[in-house]
Amino acid sequence: MNIAILGGTGKEGAGLGARWALAGHSIIIGSRDGERARGKAAEMREKTKKLTIIGHSNLDAARLGDVVVLALPAVGLDATLRPLADACRGKVVVSTVVPLTFGGPRLFTPPAAGSSAEEAQALLPDAKVVAAFHHIAAHELAETEHAIECDLLTCGGDAAAKAVVTELGASMGLRTLDVGPLSNAGPIEGITAILATINRRYKLKNSGIKITGV
Ligand SMILES: NC(=O)c1ccc[n+]([C@@H]2O[C@H](COP(=O)([O-])OP(=O)(O)OC[C@H]3O[C@@H](n4cnc5c(N)ncnc54)[C@H](OP(=O)(O)O)[C@@H]3O)[C@@H](O)[C@H]2O)c1
């Protein structure tokens, strides 16, 4: 699959890209700056020994991807996605975005839409937005020689789009649990605020979640 990762120059996007490249997918790293994306892609090719990683501007990456992954800060969603509605039309768009505000009175600061995934869906009305990968820490993704100890929770309004995300999760060894419509994205994103607090309190980098009883 051709997977475009917007904000793929960051830790989360690069970690996802490395795992997927190793699983045989083609990766297009997206950035606000095409040169930065090309530099990151070269670094990732070197690290993974996979030649199927290239870099582009976010717009060109979104045009080239069969699937588009959002791996950028919540504050950047509006400006980034507004020009991409055409490029993302009909595509599966995976939002990993968590609306966190560090250093303020509240860590979890969801937008008016209820969640970053719902904000993305409103900005990309003709895309099939699926929320996923919020609980898979960048640190965990980066250690590609280790299996990831975490379940993948996913929600969205389109069953076929969720099946694609389940396949992408399976390709990096994750069990996926479908937790219903996109209106559940707020609680899913909120769990990451809990994980970030656990990480800080217990001096960890990669706490995650496993659902029992399934
Ligand atoms: N880090 C984690 O462990 C983790 C875990 C789960 C979910 N997430 C979520 O995944 C997303 C990415 O996390 P990250 O840690 O990789 O974040 P990050 O390093 O802060 O940002 C990722 C990339 O987004 C781009 N970016 C930064 N500010 C932007 C803005 N205002 N508008 C548009 N693009 C901007 C930058 O790329 P360019 O400058 O190249 O454009 C940056 O390299 C976040 O929403 C985060 O909540 C992260």
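Refer to the structure above for everything that follows.
Residues numbered from 1 in each chain as written. Predicted model: local features only at pLDDT ≥ 70, side-chain atom pairs only at ≥ 80, totals over all residues. Heavy atoms only, no water.

Asks: How do you make sense of the nonpolar core when you look at a structure like this?
Replies: It is characteristic of soluble globular proteins that their nonpolar side chains tend to be buried jointly. Of all hydrophobic cores here, the largest spans 63 residues; its most connected members are L6, W20, L70, L81 and F133. Tallying contributions element by element places helix α1 (residues 11-22) first for this core, with five residues. If we ignore the near neighbours within four places in the chain, the residues touching W20 are I3, I5, H25, I27, V69, F133, L168, S171 and M172. (Core = buried A, V, L, I, M, F, W, Y, C linked by side-chain atoms within 4.5 Å. Buried < 20%, exposed > 50% of the residue type's maximum accessible area, 1.4 Å probe, protein only. Helix = DSSP H or I, 4+ residues; strand = E, 2+ residues; numbered from the N terminus. Contact = heavy atoms within 4.5 Å.)

Asks: Would you take a moment to explain the pairing of strand β4 (residues 67-70) for this structure?
Replies: Within a regular beta strand, the side chains point alternately toward one face of the sheet and then the other, so they alternate between its two faces. The two faces of β4 match: V67 and V69 on one face and V68 and L70 on the other face are all buried. Relative to β4, strand β1 (residues 2-6) is paired through four bridges, and the arrangement is parallel. From the neighbouring strand, I5 faces β4, where its bridge partner is V69. Of the pairings in the sheet, the one linking β4 to strand β5 (residues 92-95) comprises four bridges and is parallel in character. Bridge pairing in β5 places V67 opposite V92. (Pairing = 2+ DSSP bridges.)

Asks: Honestly, the site of the ligand in this entry has me stumped. Any pointers?
Replies: Among the 21 residues in the neighbourhood of the ligand, the closest are listed as T9, S31, R32, R36 and L72. Contact between the ligand and S31: an oxygen atom at 2.5 Å from a side-chain N or O atom of the residue. Comparing atom positions with the cavity grids shows the ligand to sit within the largest pocket. Looking at the shell around the ligand, its residues break down into nine nonpolar, eight polar and four charged. (Near = heavy atom within 4 Å. Polar contact = N/O pair within 3.5 Å; in protein donor to acceptor, adjacent residues only side chain to side chain. 1 Å grid on protein atoms, 1.4 Å probe; cavity = no way out; pocket = protein on both sides within 12 Å on 5 of 7 lines; lining within 4 Å. Sits in = over half its atoms within 2 Å of the grid points. Nonpolar A, V, L, I, M, F, W, Y, C, P; charged D, E, K, R; others polar.)

Asks: Explain the layout of surface pockets to me, please; I cannot follow it from the model alone.
Replies: Once rolled over the atoms, a probe with the size of a water molecule shows which space is left empty. Roughly 1200 Å³ of volume is contained in the largest pocket. Lining the largest pocket are 44 residues, and of these E12, A71, L72, P73 and V98 sit closest to its centre. Contributions of two or more residues to the lining of the largest pocket are made by α1, β2 (26-31), α5 (116-123), α6 (138-142) and α8 (185-201). Of all the elements, α8 adds the most residues to the lining of the largest pocket, at five residues. Of the residues that constitute the lining of the largest pocket, the class distribution is 18 nonpolar, 19 polar and seven charged. For the second largest pocket, the calculated volume is near 290 Å³. For the second largest pocket, the lining is made up of 14 residues, of which A14, G15, A18, K47 and A142 are closest to its centre. Broken down by secondary-structure element, the contributors of at least two residues to the lining of the second largest pocket are α1, α2 (34-48) and α6. For the lining of the second largest pocket, the class distribution of residues is six nonpolar, four polar and four charged. (Points joined across faces, edges and corners; volume = space filled by probe spheres on them.)

Asks: Please explain a nonpolar patch on the surface as it appears in this structure.
Replies: A surface patch of nonpolar side chains, about 390 Å² in accessible area, is lined by I194, I198, Y202 and L204. Position of Y202 relative to the elements: it lies in the segment after α8. (Patch = residues over 30% accessible without salt bridge, like charges linked within 9 Å, V, L, I, M, F, W, Y side chains within 5 Å. Areas by Shrake-Rupley, 256 points an atom, 1.4 Å probe, with all protein chains shown as cover. Salt bridge = Lys/Arg side-chain N within 4 Å of Asp/Glu carboxyl O.)

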